[in-house]
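Working through the structure, step by step
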Amino acid sequence: MPPTGPRAVLSAAPPWTSFIGSAVFHYLGPAFAVLLFGRLAPLGVAGLRIWSAAMVFALWRRPWRTLARLDAGGRRTILAWGAVLAGMNVCFYLAIARVPLGTVAAIEFLPVIALAALGARTARNLLALVAAVGGVYVLADIRLAGEPLGLVFAFANALLFAAYIVLAHRTARLRGVSGIDGLAAAMLVACVLVAPVAGWQAVPAMIDPVTLAAGIGVGICSSVIPYVCDQLAMARMARSTYALLVALLPATATVIGVVVLRQLPSLAELAGVGLVVLSVALHRERTPTQKDRTTRALAAERGSRSRGCPDGPG
């Protein structure tokens with residue numbers, strides 16, 4: 001009997017539908033966080049985001065069981081991912097507290113361009129990459145304005161975001177553990193690592209139910225829903241394809257800015273959205289040909305023989 005229920009629906013849907021869910025909530029969370037800055041310091045918001053996400057994952061996935069059954073290499077990947085999640089969230093909120101969000105978004109995209117370029121092996125994909133870069137540049141309206149320390153945090157966040165893509169994609173391909181279980185375990189690690197730097201700034205939320213509830217909402221919108229969608233997409237999508245689709249994030253931010261913050265886009269921003277959409281439409285992931293499959297099969301056979309597996313006696 002074929003599988004039924006939500007899992008079957010998600011398996012049948014194209015992987016980019018999961019990414020759209022990630023893209024929408026990726027900027028809904030920061031939009032709510034900006035409104036929360038009036039009540040809580042940036043590090044406090046970062047801490048609440050990670051802790052609330054870790055709590056949801058702990059109740060849902062029991063991440064300690066995942067850590068117990070992983071081998072040493074898998075645990076190292078999860079620990080590294082957890083450290084990246086903690087550092088990325090802290091740097092992101094410290095950056096947007098000092099530097100315009102558009103500048104942070106543009107800087108965040110720079111390492112992702114390099115990841116996408118590694119997989120752009122055709123003229124069509126290179127053209128898609130050029131369109132994506134142009135669209136992000138127009139949308140972000142890059143301005144190196146703000147405090148120098150804010151720019152340091154913005155560039156640190158960008159490097160950590162690229163590491164997040166690499167480690168999340170690697171975790172999605174680990175054997176014996178689902179990507180979502182790996183995410184839950186990494187969030188548990190991040191929960192512990194962020195406590196020393198964010199705990200003291202989150203204390204005011206403990207006596208303010210409205211701030212606490214808002215912080216939990218930011219965590220669910222920013223670190224639970226989009227990261228789960230990321231894992232669903234990465235399990236069936238090449239890393240270079242995912243990296244290029246990240247170009248949708250500034251376009252999504254434009255839409256959310258209209259709906260949540262009442263920020264109407266200019267004609268230039270609409271042109272940027274159009275370039276981003278064009279880049280996604282142009283990009284094609286290379287599918288293996290029969291020649292590729294035959295070559296891999298012959299290579300595997302030669303490798304088997306070199307390890308001492310003869311075809312017969314002798």
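Structure report, in brief. Since the model is a prediction, treat every value here as computed from it, not as a measurement.

Below, the discussion takes up the packing of aromatic side chains. Counted according to the given criterion, the structure contains six aromatic pairs. Between Phe-37 and Tyr-93, the aromatic rings sit 6.2 Å apart at their centres with planes inclined by 80 degrees, giving edge-to-face as the arrangement. Here Phe-37 is found in the loop between helix H2 (15-36) and helix H3 (42-61), whereas its partner Tyr-93 is found in helix H5 (residues 72-96), with 56 residues between them in sequence. On the accessibility criterion, Phe-37 (22% relative accessible area) is partly exposed. Between Phe-92 and Tyr-93 the ring centres are 5.4 Å apart and the planes differ by 75 degrees, which places this aromatic pair in the edge-to-face class. Per residue, the accessibility class of Phe-92 equals that of Tyr-93, and both read buried. Positioned over the ring face of Trp-60 is Arg-61, at 4.8 Å from the centre of the ring.

Turning our attention to the nonpolar core. Core analysis: the biggest nonpolar cluster contains 69 residues, and Trp-81, Leu-85, Tyr-93, Tyr-164, Leu-183 and Met-187 have the highest contact counts within it. Among the elements of the structure, H2, H3, H5, helix H6 (101-119), helix H8 (148-172), helix H9 (179-202), helix H10 (209-234) and helix H12 (248-259) are those that each provide at least two residues to this core. Per-element accounting of this core gives the leading share, 13 residues, to H5.

Once their charged atoms are close, side chains differing in charge can pair, the charge on each being opposite to the other. Applying the stated criterion across every chain, the model contains three salt bridges. For Asp-208, the salt bridge identified is with Arg-39, shortest N-O distance 3.0 Å. Placement of the pair is Asp-208 in the loop between H9 and H10 and Arg-39 in the loop between H2 and H3, with a sequence separation of 169 residues. Notably, a salt bridge pairs Arg-69 with Asp-181, separated by 3.7 Å at the nearest N-O pair. A residue pair is termed long-range when its members are at least 10 positions apart, and Arg-69 in helix H4 (residues 63-69) and Asp-181 in helix H9 qualify at 112 residues. With relative accessibility at 10%, the residue Asp-181 sits in the buried group. Each of Arg-61, Arg-69 and Asp-181 takes part in salt bridges that share partners, so that together they form one network.

Close contact between H3 and H10 brings their axes to 7 Å; oriented N to C, the two are set at 65 degrees. Of the two elements, H3 crosses H10, and the hand of that crossing is right-handed. On H10, the residues that touch Leu-48, Arg-49, Ser-52, Ala-53, Val-56, Phe-57 and Trp-60 of H3 are Thr-211, Leu-212, Gly-215, Ile-216, Val-218, Gly-219, Ile-220, Ser-222, Ser-223, Val-224, Tyr-227 and Val-228. For the contact of H3 with H10, the per-class residue count stands at 12 nonpolar, six polar and one charged.

So, on to the environment of Leu-245. Mapped onto the secondary structure, Leu-245 falls in helix H11 (residues 239-245). Residues Leu-245 and Val-112, spaced 133 residues apart in sequence, show a C-alpha to C-alpha distance of 9.8 Å.

Let us now look at unusual backbone geometry. At Arg-62, a residue that is not glycine, the phi angle is positive and equals roughly 50 degrees. As for its placement among the helices and strands, Arg-62 is situated in the loop between H3 and H4.

Criteria and thresholds
- Residues numbered from 1 in each chain as written.
- Predicted model: local features only at pLDDT ≥ 70, side-chain atom pairs only at ≥ 80, totals over all residues.
- Heavy atoms only, no water.
- Phe/Tyr/Trp six-rings, centres within 6.5 Å; stacked < 30°, edge-to-face > 60°.
- Helix = DSSP H or I, 4+ residues; strand = E, 2+ residues; numbered from the N terminus.
- Buried < 20%, exposed > 50% of the residue type's maximum accessible area, 1.4 Å probe, protein only.
- Lys NZ or Arg CZ within 6 Å of the ring centre and 35° of its normal.
- Core = buried A, V, L, I, M, F, W, Y, C linked by side-chain atoms within 4.5 Å.
- Salt bridge = Lys/Arg side-chain N within 4 Å of Asp/Glu carboxyl O.
- Axes fitted to C-alpha atoms, helices over the stretch in contact; angles between N-to-C directions.
- Left-handed = near helix turned anticlockwise from the far one by under 90°.
- Contact = heavy atoms within 4.5 Å.
- Nonpolar A, V, L, I, M, F, W, Y, C, P; charged D, E, K, R; others polar.

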